[in-house]
Amino acid sequence: MLININLFIGFALNLAVALLIVRGIYYPSKPNKNYVVTFMAFNTLIFFVMSLLTSIELSIGAGFGLFAIFSILRYRTDPMPPRDMTYLFILIGLPIINATLNNGVGWLTLVLINIAVIGVLYALEPGWGFQYEESTRITYDRIELIREDDRELLLADLRERTGLPITRVEIGRLDFLPPL
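Being a predicted model, the structure only gives us computed values, none of them experimental.

Draft legend 1. Examining helix H6 (residues 151-162) more closely. In a regular helix each residue adds 1.5 Å, so twelve residues correspond to 16 Å; H6 covers 16 Å between its end C-alpha atoms and thus fits that length. Listing the buried residues of H6 in full gives Leu154, Leu155, Asp157 and Leu158. Seen along its axis, H6 keeps its buried residues to an arc of 165°; they face one direction. Residues Glu152, Leu153 and Glu160 are exposed on H6 and point more than 90 degrees away from its buried face.

As structure tokens, then:
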């Protein structure tokens, strides 16, 4: 039995890059463990599937078909915030690149692509000049505070009731109850 050492070197590189992205960039800025297992499992599985597909001379179209199946799964599950969906897409795309480049383009190209992706993600995360706001939809019951004149009172009430540092509010939909 012949062991393909390049496969395991490629896997080690892919795993190291995925861990660096998830643990070093994603998790510190949003310490939410909900998607960590998903990110790492998808990344690992896709790397090995793509490595096997490229090693048995199947077309890359089959790999993209697999990618399409995973994309469809997104529409059948609970909604994922755009930031988390972006990380999922990156952690699905990287093993496809790593597995296909592993079979002939060269290690230097592979390493430089991974460094470029890590660099862009690191630069885009908060702390490098980009300010992000999180938003939450709520149903609010103090209708008397929704007037423009009472904006500061509304913000103060929301801060007090939620314990969050709320900086702005948008009223999206009003639903006045009919009189009894």
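Draft legend 2. Molecular detail of the nonpolar core. Among the nonpolar cores identified, the biggest contains 27 residues, and Ile21, Tyr26, Phe39, Met50, Tyr87, Leu91 and Leu121 are the most heavily contacted of them. With nine residues, helix H1 (residues 5-29) is the largest single contributor of residues to this core. Among the nonpolar cores identified, the runner-up in size contains six residues, and Leu145, Leu154, Leu155 and Ile166 belong to it.

Draft legend 3. A look at the side chain of Asp150. Looking at the secondary structure, you find Asp150 in the loop between helix H5 (107-124) and H6. Beyond its immediate sequence surroundings of up to four residues, Asp150 is in contact with Glu144 and Leu145.

Draft legend 4. Layout of H1. The end-to-end C-alpha separation of H1 is 35 Å, in line with the 36 Å expected for 25 residues at 1.5 Å each. When we look at burial in H1, the residues that qualify are Leu7, Gly10, Phe11, Asn14, Val17, Ala18, Ile21, Val22, Ile25, Tyr26 and Tyr27.

Draft legend 5. Spotlight on the environment of Ile138. Relative to the helices and strands, Ile138 resides in the loop between H5 and H6. On the basis of relative accessible area, Ile138 is assigned to the partly exposed category, the value being 48%. It is 10.0 Å that separates the C-alpha atoms of Ile138 and Gly172, two residues lying 34 residues apart in sequence.

Draft legend 6. Representation of the environment of Leu91 in the model. Structurally, Leu91 is set in helix H4 (residues 82-101). Considering only alpha carbons, one finds Leu91 and Val17, 74 residues apart in sequence, at a separation of 9.3 Å. Apart from the residues lying within four places of it in its own chain, the contact partners of Leu91 are Ala18, Ile21, Val22, Phe39 and Asn43.

Draft legend 7. Main features of the pattern of salt bridges. The final tally for this structure, using the stated rule, is seven salt bridges. Asp157 is the salt-bridge partner of Arg142, the closest N and O atoms lying 3.2 Å from each other. With Arg142 in the loop between H5 and H6 and Asp157 in helix H6, this residue pair connects regions lying 15 residues apart in the sequence. The residue Arg147 makes a salt bridge to Asp150 at a minimum N-O spacing of 3.2 Å. For Asp150, a relative accessible area of 13% puts it in the buried group. Each of Asp141, Arg142, Glu144, Asp157 and Arg161 takes part in a single network of salt bridges with overlapping partners.

Draft legend 8. Just the packing of aromatic side chains, in detail. With the rule as written, the count across this model stands at six aromatic pairs. Ring plane angle 80° and centroid distance 5.0 Å describe the contact between Tyr26 and Phe39, whose orientation is recorded as edge-to-face. Of this pair, Tyr26 sits in helix H1 while Phe39 sits in helix H2 (residues 36-55), and the two are 13 residues apart along the sequence. Residue classification places Phe39 among the buried positions, given a relative accessible area of 0%. By the ring-pair criterion, three or more aromatic residues cluster together here, those being Tyr26, Tyr35, Phe39 and Tyr87.

Draft legend 9. Summary view of a nonpolar patch on the surface. On the surface, Leu108, Val111, Leu112 and Ile115 cluster together into a nonpolar patch covering about 380 Å² of accessible area. Along the chain, Ile115 falls in helix H5.

Draft legend 10. Examining the confidence of the model for the protein chain more closely. Averaged over every residue, the pLDDT of the protein chain is 79; the share at 70 or more is 75%. When mean pLDDT is compared element by element in the protein chain, H6 scores highest at 89, while helix H3 (residues 60-75) scores lowest at 63.

Definitions and limits used
- Residues numbered from 1 in each chain as written.
- Predicted model: local features only at pLDDT ≥ 70, side-chain atom pairs only at ≥ 80, totals over all residues.
- Heavy atoms only, no water.
- Helix = DSSP H or I, 4+ residues; strand = E, 2+ residues; numbered from the N terminus.
- Expected span 1.5 Å × (residues − 1).
- Buried < 20%, exposed > 50% of the residue type's maximum accessible area, 1.4 Å probe, protein only.
- Arc of directions from axis to C-beta.
- Core = buried A, V, L, I, M, F, W, Y, C linked by side-chain atoms within 4.5 Å.
- Contact = heavy atoms within 4.5 Å.
- Salt bridge = Lys/Arg side-chain N within 4 Å of Asp/Glu carboxyl O.
- Phe/Tyr/Trp six-rings, centres within 6.5 Å; stacked < 30°, edge-to-face > 60°.
- Patch = residues over 30% accessible without salt bridge, like charges linked within 9 Å, V, L, I, M, F, W, Y side chains within 5 Å.
- Areas by Shrake-Rupley, 256 points an atom, 1.4 Å probe, with all protein chains shown as cover.
- pLDDT = per-residue confidence, 0-100.

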